[in-house]
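Geometric and topological summary
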Amino acid sequence: MAVLTEKKLLYTVAFLDLFACSLIVPVLAPYLRSLGASHFTIGSLMSLYFGLQLISSPVIKNCSGAKSRLFILQTTLLACSVFYFILGTTSVLPVVFLCRALLEQLEMQKTLTSFGTFGFVAGPAIAGNMLELHRGYQRVCYIITVIFLINFAIVYIFLQNSAHERRNEEGDNAMKLKTSSPNVKSKKNMESMSSIRKAKEHDIRRKRVSEEILQSVTDLLCINWTFYWDVFALKFLFDFTQTVHLMNFAPVLRDVYNTAPRWIGYTVALQGMVGTMSSFLIEWISIFYKYDTNYTQRGLHGFGLFALSFLCLSLAPNWTYMFIFLLPLSMSMSLLKSATAEMMRQRTVLDKKMPITGLGQSVFSAARLFAPVCTGLIYDMYGFQGTSVLKIVAAGIATALSYFIFLRQVQDKKKM
């Protein structure tokens, strides 16, 4: 019963976490632009975010013990509330960048974000409406501050007590087993052995952290490129193009279609809702691909729809048409997420020499590092047309490559 209650509390924390983070999505870029930041500067900040994620993820992954994870969760929630409060009170651009970089580093250290995805739908819609109010950006930051404080209170009061009770219960059970044993060691020896064990565990964790930080780089250097190059390129192009689209989505709505802040929020929320609903339809879509066991046909159709959607978006005359074209785009993204992941998994299974299990994540991280800087630079130089061409070209290359992979699979089947 206690475990079930703890899970519900974690789900609540995850929902409030991503809901709070989603509030800043439609308001931060316009505020940074009002302070004089270029699209390239904003893109560089996002690249910094993804770079910090590569460093922070191994650190958090190797934190063993519920006590350590609970302490990190409490610390990050409290720090997030402080930095969001600073974001709402300052108008100095370097301070905003510093706070946001620290926040993005901290936000990647929380758990259960998959459940919190539902919070990403309501957040942008609410924030978009608030942005039209006087000092709307500041109000959004203060609301986020309060939400993180509520999350901190939930974790500190309820989860800490739950973990403390569980540790006491485990300690009592262990003591009963010790006292019932005929060979009971002295308390002093037990404490000495415990200290030695903790010191060894600390050294092991420290080594693991440094090893995993370098692992993403060494994985890329050790790849059998002649065997992986096509699926590697396909995965990179998809993640790169998707990140470019998400980065310049709100700026295009504002600069090209003169969309009001509240409707920018509604559009971001609706796109998130369509994407979530599309992910639930993947199993139903798979019914039409019974013979596509290697996912190459799904990849070809997905990338074709992907590229066509970007072409239509670049020609959309107004917001209504743009929103209509977002529907097939969201469907293609959901299809390609599963297709590229499965193609990557099947390729690693076939690699008898050195299967790379973390290859997909490495490719994803590499794409997200380059995409924000590229889209910011191109948007500053060529505007909406430049980023549209970038997305169409990248998606077109991915479509051609997926067609090449599909034909090769068909030929291999004929030879069998």
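The residue count restarts for each chain, going from 1 along the sequence in the order it is written. Where totals are concerned, whole chains, interfaces and linings use all residues; where local detail is concerned, this predicted model gives features only for residues with pLDDT of at least 70, and gives and counts side-chain atom pairs only at 80 or more. Each side-chain value is worked out from all heavy atoms of the structure, with water and hydrogens disregarded.

1. With respect to a nonpolar patch on the surface
The condition is simple: For patch building, the residue pool is restricted to those with more than 30% relative accessible area and no salt bridge; the joining distance is 9 Å between like charges and 5 Å between nonpolar side chains (Val, Leu, Ile, Met, Phe, Trp, Tyr). Per-residue and other accessible areas were derived by the Shrake-Rupley procedure at a 1.4 Å probe size, with only the shown protein chains allowed to occlude residues. Salt bridges are defined as contacts in which a side-chain nitrogen from Lys or Arg sits within 4 Å of a carboxyl oxygen from Asp or Glu. Numbering of helices and strands starts at the N terminus; helices are DSSP runs of H or I of at least 4 residues and strands are runs of E of at least 2.
A surface patch of nonpolar side chains, amounting to about 410 Å² of accessible area, comprises Phe 40, Leu 377, Met 381 and Tyr 382. Among the elements that make up the nonpolar patch, the one with the highest residue count is helix α15 (residues 359–415) (three residues).

2. Here we look at empty space enclosed by the protein
Here is the rule: Cavities and pockets were defined on a 1 Å grid built from protein atoms only: a cavity is a group of points that admits a 1.4 Å probe but offers it no way out, a pocket is an open group of points flanked by protein on both sides within 12 Å along at least five of seven lines, and a lining residue is one with an atom within 4 Å of any such point. Grid points are joined across faces, edges and corners, and a volume is the space filled by probe spheres set on the points. Gly is placed with the polar residues, together with every amino acid not listed as nonpolar (Ala, Val, Leu, Ile, Met, Phe, Trp, Tyr, Cys and Pro) or charged (Asp, Glu, Lys and Arg).
In the structure shown here, the tally under the stated rule is two cavities of 30 Å³ or more. Every residue lining the largest cavity is listed: His 245, Asn 248, Phe 249, Val 252, Tyr 257, Leu 313, Met 322, Phe 384 and Lys 391. Contributions of two or more residues to the lining of the largest cavity are made by α10 (225–255) and α15. At four residues, the largest contribution of residues to the lining of the largest cavity is made by α10. Of the residues assigned to the lining of the largest cavity, the class counts are six nonpolar, two polar and one charged.

3. Topic: the nonpolar core
Where we set the bar: What makes a nonpolar core is a set of buried Ala, Val, Leu, Ile, Met, Phe, Trp, Tyr and Cys residues whose side-chain atoms join them at distances within 4.5 Å. Exposure is judged per residue with a 1.4 Å probe applied to protein chains only, and the accessible area is read against the type maximum: over 50% gives exposed, under 20% gives buried, and values in between give partly exposed.
Counting 33 residues, the largest nonpolar core has Leu 23, Ile 24, Tyr 137, Val 140, Ile 144, Phe 148 and Val 155 as its most contacted members. Listed by contribution, the elements that provide at least two residues to this core are α1 (2–23), α2 (25–34), α3 (39–61), α4 (66–89), α7 (119–131) and α8 (136–180). In terms of residue count, α8 provides more of this core than any other element does, nine residues in total. Tyr 257, Ile 264, Ala 394 and Ala 395 belong to the second largest nonpolar core, which has 32 residues in total.

4. Quick word on the side chain of Thr 340
Filter applied, for reference: The definition of a polar contact used here is a pair of N or O atoms within 3.5 Å, where within protein one atom must be able to donate a hydrogen and the other to accept one, and adjacent residues in sequence count solely through side-chain atom pairs. Residue contacts follow a heavy-atom distance rule, with two residues in contact if any of their heavy atoms lie within 4.5 Å.
Within the fold, Thr 340 resides in helix α14 (residues 319–350). A polar atom in the side chain of Thr 340 sits 3.4 Å from the backbone oxygen of Lys 337. Ignoring anything within four residues of it in the chain, the contact list for Thr 340 reads Lys 235, Phe 238 and Phe 303.

5. Considerations on unusual backbone geometry
At Arg 135, a residue that is not glycine, the phi angle is positive and equals roughly 55°. Looking at the secondary structure, you find Arg 135 in the loop between α7 and α8. Relative accessible area serves as the criterion here: at 44%, Arg 135 is assigned to the partly exposed category. With a phi angle near 65°, Tyr 295 is a residue other than glycine that sits in the positive phi range. By the secondary structure assignment, Tyr 295 is in the loop between α12 (282–285) and α13 (296–315).

6. So, the environment of Ala 339
Mapped onto the elements, Ala 339 comes out in helix α14. Once the C-alpha coordinates of Ala 339 and Gln 297 are considered, the two residues, 42 residues apart in sequence, prove to be 9.1 Å apart. Those residues in contact with Ala 339 that lie beyond four places of it in its chain are Tyr 295, Arg 298 and Gly 299.

7. A closer look at α13
Put simply, the rule is: Here a helix's expected span is defined as the number of its residues, less one, multiplied by 1.5 Å.
Helix length check: α13, at 20 residues, gives a terminal C-alpha distance of 29 Å against a target of 28 Å (1.5 Å per residue), a fit within 8%. Buried within α13 we find Thr 296, Arg 298, Gly 299, Leu 300, Gly 302, Phe 303, Phe 306, Ala 307, Ser 309, Phe 310 and Leu 313.

8. Re helix α11 (residues 261–280)
Helix length check: α11, at 20 residues, gives a terminal C-alpha distance of 29 Å against a target of 28 Å (1.5 Å per residue), a fit within 8%. Buried within α11 we find Ile 264, Gly 265, Thr 267, Val 268, Ala 269, Gln 271, Val 274, Thr 276 and Ser 278.

9. Describing the pattern of salt bridges
Opposite charge on two side chains permits pairing when their charged atoms draw close. One pass over the structure, following the stated rule, counts five salt bridges. One salt bridge connects Arg 254 with Asp 255, and the closest N-O pair in it is separated by 3.3 Å. The closest approach of N and O atoms between Arg 298 and Asp 292, which form a salt bridge, is 3.1 Å. Take Arg 298: its relative accessible area is 6%, and that puts it in the buried class.

10. Details of the confidence of the model for the chain
To keep things clear, this is the line we draw: Predictor confidence is given residue by residue as pLDDT, running from a minimum of 0 to a maximum of 100.
Across the chain, pLDDT averages 75, with 67% of residues at or above 70. Across residues 107–114 the pLDDT falls below 50, and counting only partners more than four positions away or on other chains, this stretch makes 22 contacts in the model.

11. Structural notes on the environment of Leu 407
Among the structural elements, Leu 407 can be located in helix α15. Residue classification places Leu 407 among the partly exposed positions, given a relative accessible area of 33%. Distance from Leu 407 to Thr 296, taken between C-alpha atoms, is 8.9 Å for residues 111 residues apart in sequence.

12. Re the packing of aromatic side chains
Worth spelling out the cut-off: Aromatic rings from Phe, Tyr and Trp, taking only the six-membered ring of Trp, are treated as a pair when their centres fall within 6.5 Å; an angle between ring planes under 30 degrees marks them as stacked, one over 60 as edge-to-face, and anything in between as tilted. Note on criteria: charge over ring means Lys NZ or Arg CZ within 6 Å of the ring centre, with the direction from the centre no more than 35 degrees off the ring normal.
Counting across every chain of the model gives 14 aromatic pairs. Ring centres of Tyr 84 and Phe 148 lie 5.6 Å apart, and the angle between their planes is 15°; this geometry places the pair in the stacked category. Within this pair, whereas Tyr 84 is found in helix α4, its partner Phe 148 is found in helix α8, the two being separated by 64 residues in sequence. Judged by its relative accessible area of 0%, Tyr 84 is buried. For Phe 148, a relative accessible area of 0% puts it in the buried group. When the centroid spacing of 5.6 Å and the interplanar angle of 55° are considered together, the rings of Phe 238 and Phe 306 count as tilted. Residue Phe 238 is located in helix α10, and its partner Phe 306 is located in helix α13; the two are separated by 68 residues in the primary sequence. In terms of burial, Phe 238 and Phe 306 fall into one category: buried. Among the aromatic residues, ring-to-ring pairing joins Phe 238, Phe 303, Phe 306 and Phe 310 into one connected group. Here the basic side chain of Arg 298 rests over the ring of Tyr 295, its NZ or CZ set 3.8 Å away from the ring centre.

13. Let's talk about the side chain of Thr 267
One can find Thr 267 in helix α11. For Thr 267, the contacting residues outside a window of four places in its chain are Phe 249, Leu 253, Trp 319, Met 322 and Leu 326.

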